[in-house]
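One-letter residues, chain by chain:
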Amino acid sequence: MSITTRAIGEPLDRIDGPLKVRGAATYAFEWPVDNPAYLYPLQAEIAAGRITAVDTRKATEEAGVLAVLTHENAPKLAAAGDADVAALQSADVAFRGQFIGAVIGETPEVARYAAGLARFEYEQRPHDVVLAADRNDLTKPVNAANFGTGGGELQDGSPADSLIGDVEAALEAAAFTVDAHYSTAINHHNPMEPHAVIATWHDGQLTLQCSTQGVHLHRFLVASAFGLDLAQVRVISPHVGGGFGSKVYPAAYLVVATMAAQMLPGRPVKFALTRQQMFSLVGYRSPTLQHVRLGADDHGRLTAISHDAVAQTAKVKEYAEQIAVPTRLMYAAPNRRTTHRLAALDLPVPTIMRAPGEGPGMFALESAMDELARACGLDPIEFRIRNEPEVHPESGLPFSSRNVVACLRQGADRFGWAGRDPAVRSRRDGRWLVGTGVAASSYPSPRLPGNAAMIRVSEDGRYTVAIGAADIGTGAWTALTQIAADALEASVSDVELQIGDTILPAASSAGFSSGTTGWGSAIYEAANKLRAQLDSEHAGVVPPGGLEVTADMPNNEFFGRYAMYSFGAQFAEVRIDEDTGEIRVSRLLGVFDVGRVINPKTARSQLIGGMTQGISMALHEQSVIDPRFGHVVNHDLAGYHISANADIKAVEAYWLDEADPFVSPMGSKGVGEVCIVGTAAAIANAVHHATGVRVRDLPITLDKLLDSPAAA
Ligand code: MOS
């Protein structure tokens with residue numbers, strides 16, 4: 001065994017960086033393949049109803065067209081249970097933009113042109129696409145979408161409702177209360193790389209070179225849909241240009257591409273969604289309507305917390321996320337109520353998007369906390385510290401580690417919070433009103449099942465480490481190499497990592513801020529097994545031909561005994577033009593409690609990336625549905641603004657120097673999502689401080705400042 005470099009904690013450059021800057025990292029659509037065909041989708045032109053007639057004659061006869069797929073000739077799927085995946089199985093139209101077919105041509109141009117020649121007739125029924133909190137058909141979630149566990153659960157497995165004590169009586173008796181409604185917009189993930197696949201059917205084997213957050217989950221679901229053995233399907237995805245949740249669950253586009261590949265055996269079928277198609281085919285963050293009521297006593301101690309959340313799902317499939325679940329754990333209070341309700345609409349199915357649930361939910365809770373601090377006459381940091389729980393307030397479990405107070409205190413120091421005048425409109429710089437705000441952050445740090453890792457050591461002391469993990473831009477290539485080097489007591493230069501392929505040992509998807517925890521735990525286990533085997537069977541010397549072990553990630557014995565979350569505190573300074581309402585976030589500073597940091601460089605990138613996306617969520621991102629047609633009107637990057645360089649000023653991310661003893665053997669916790677949680681509230685609280693206007697509806701656009709009379 002070679003050198004002892006304790007690689008965890010080193011700010012290593014990205015291992016995949018040189019490949020990426022040279023354009024040599026192969027993304028899904030770029031694999032060199034022989035004689036490809038190209039797929040262009042056909043999408044429903046109505047929001048609800050059924051197809052009554054199909055005329056694809058002209059399209060089929062167009063020179064260069066290889067095949068035209070519709071529900072009339074598409075193969076029947078073996079397991080069409082998941083309506084989100086079951087493309088082209090009937091004449092029904094469940095939302096505008098749904099797949100109703102595809103044209104496969106010799107060139108992308110021919111396929112796209114011929115797609116315009118296909119004709120569909122419909123029988124339309126009235127569609128229902130408007131979310132409202134006073135709808136009389138709201139339902140309590142029945143199924144945990146995408147997991148199919150069923151039984152009144154949310155996407156994260158939490159119960160939909162929770163009630164402790166007597167909230168109404170406590171609110172009645174409270175010295176100070178807040179009772180406010182908050183709402184958030186539809187957001188679309190818009191990763192830089194669109195969803196793309198090259199599907200090849202050859203000798204009964206399916207290969208999908210696609211852009212995914214999890215090769216093994218994609219393989220499982222596509223194989224199930226087509227009734228194939230897992231061994232017949234290979235999914236390859238070493239580099240991914242972002243996902244933000246939209247590439248966790250395989251969407252129907254993979255099913256359509258696979259059907260096309262089966263119709264054209266031996267020919268690779270290439271399909272990349274356009275930006276506009278991504279607005280109806282690959283999920284989105286549901287809008288939310290939230291009602292928060294808080295009560296506090298004379299000492300600024302919370303006596304009641306109530307958070308009711310309404311979101312939308314699709315009629316075709318239920319998806320329900322944990323909007324009010326962070327409210328169950330953030331603050332102590334004897335009386336507590338959280339509920340989740342859904343409206344099922346004629347729209348595409350929402351899916352997880354960076355901090356699903358927690359992102360919108362903590363906007364409401366942390367805005368309300370600011371409002372109540374003000375009502376109590378307390379500094380918002382002091383108010384939060386007074387209500388810090390010792391254990392999880394509902395389950396009673398101790399936290400594996402929880403340093404919200406330290407994040408608030410360190411953040412206040414770094415930001416320069418001391419001496420802040422709490423009065424609104426108290427700071428001005430010429431025509432700019434200046435304000436500051438704070439909010440807390442939290443996101444679970446779970447470990448998903450289904451991870452294994454292989455490690456092989458060769459006689460020259462070099463290691464190959466393999467696991468079907470995904471790097472969606474997070475830095476997993478680098479962090480996992482460091483974890484392996486650390487566990488093997490080897491130099492990172494002696495470790496070669498392999499990820500992103502189903503021929504490698506199984507891995508959970510890059511989601512729920514769990515990747516490093518789960519994959520790293522499997523690698524740790526394999527490294528321990530290898531070292532133990534070398535010592536016990538080979539006297540510490542690599543035998544001729546090398547040695548190889550594979551190990552499953554062990555169950556975390558602390559699961560169920562500790563509540564495991566990452567935390568943080570974010571501070572925003574905003575400047576608002578008094579005349580135009582123009583909003584600038586001049587400073588954003590976060591301090592995070594994410595356990596031991598594996599790589600300070602990539603972790604910092606994750607943190608400032610999430611904070612930047614939080615600014616975007618706070619000020620810009622909003623998909624607008626036209627209720628007449630049921631589609632997103634601003635379905636491109638011109639109409640759907642995402643924070644660009646000009647929108648972002650100073651963004652600083654720090655973390656506490658703490659290792660979590662229970663989440664993983666590395667001491668790390670999840671990094672990727674906690675950083676977008678709370679950002680929007682910190683900004684909304686700063687906007688209120690600057691202007692006296694409390695905006696409770698995201699995004700905070702300038703019209704909302706100009707229309708509202710400033711409160712004193
Ligand atoms: Mo993340 S929304 O769990 O990919």
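From a predicted model like this one, the values you see are computed outputs, not experimental measurements.

J.: Got a sec to walk through the sheet that holds strand β14 (residues 302-314)? Specific residues and values, please.
T.: The strands making up a sheet associate through backbone hydrogen bonding, with each pair oriented either parallel or antiparallel. Reading across from one edge, β7-β15-β14-β13-β8 is the order of the 5 strands in this open sheet, with mixed pairing throughout. One side of each edge strand has no neighbouring strand; the edge strands of this open sheet are β7 (162-164) and β8 (176-184). Geometrically, the sheet is characterised by an average inter-axis angle of 10 degrees between neighbouring strands, direction not taken into account. Sheet analysis places β7 next to strand β15 (residues 335-345), joined by 3 bridges and oriented antiparallel. Paired with S162 across the strands is T338, a residue of β15. Contacting β8, β13 (288-296) and β14, helix α8 (residues 358-376) crosses the sheet at an angle of about 150 degrees to β8.

J.: Outline the packing of helix α5 (residues 215-226) against helix α6 (residues 252-263), supporting the account with residue identities and numerical values.
T.: Closest axis-to-axis distance for the α5/α6 pair is 11 Å, and the angle between their directions is 55 degrees. The pairing of α5 with α6 is recorded here as oblique in orientation. As for how α5 packs across α6, the hand of that crossing is right-handed. Counted together, H218, V222 and F226 of α5 and L254, V255, T258, M259 and Q262 of α6 form the full contact between these two elements. Tallied by class, residues from the contact of α5 with α6 come to 5 nonpolar, 3 polar and no charged.

J.: Just give me the short version of the nonpolar core, but keep the residues and values in it.
T.: Soluble, globular proteins show a tendency: their nonpolar side chains are buried together. In this structure, L294, L302, F571, I683 and I700 are the most contacted members of the largest nonpolar core, which totals 92 residues. Sort the elements by how many residues they give to this core and α8 lands first, with 9 residues. Setting aside residues no more than four positions away along its own chain, L302 makes contact with L294, G295, A296, Y331, A332, A333, P334, M369, L372, F383 and N387.

J.: Run through the environment of V677, naming residues and quoting values.
T.: With respect to the helices and strands, the residue V677 is situated in the loop between β26 (650-655) and α14 (679-691). V677 sits in the buried class, given a relative accessible area of 0%. Sequence-wise, V677 and F120 are 557 residues apart; in three dimensions their C-alpha atoms are separated by 44 Å.

J.: Lay out the pattern of salt bridges with the relevant residues and their values.
T.: Counting across every chain of the model gives 36 salt bridges. Here K140 and D161 are joined by a salt bridge, their closest N and O atoms 3.9 Å apart. Of the two residues, K140 is situated in the loop between β6 (119-124) and β7 and D161 in the loop between β6 and β7; the sequence distance between them amounts to 21 residues. Overall, D161 belongs to the partly exposed group, its relative accessible area being 24%. E489 is the partner of R531 in a salt bridge, and the nearest nitrogen-oxygen pair spans 3.5 Å. Of this pair, R531 sits in helix α12 (residues 515-538) while E489 is found in the loop between α11 (476-488) and β20 (495-498), placing the two residues 42 residues apart along the sequence. Given the relative accessible area of 25%, R531 is considered partly exposed.

What counts, and where the lines are drawn
Residues numbered from 1 in each chain as written. Predicted model: local features only at pLDDT ≥ 70, side-chain atom pairs only at ≥ 80, totals over all residues. Heavy atoms only, no water. Pairing = 2+ DSSP bridges. Helix = DSSP H or I, 4+ residues; strand = E, 2+ residues; numbered from the N terminus. Axes fitted to C-alpha atoms, helices over the stretch in contact; angles between N-to-C directions. Contact = heavy atoms within 4.5 Å. Parallel < 35°, antiparallel > 145°, perpendicular 65-115°, else oblique. Left-handed = near helix turned anticlockwise from the far one by under 90°. Nonpolar A, V, L, I, M, F, W, Y, C, P; charged D, E, K, R; others polar. Core = buried A, V, L, I, M, F, W, Y, C linked by side-chain atoms within 4.5 Å. Buried < 20%, exposed > 50% of the residue type's maximum accessible area, 1.4 Å probe, protein only. Salt bridge = Lys/Arg side-chain N within 4 Å of Asp/Glu carboxyl O.

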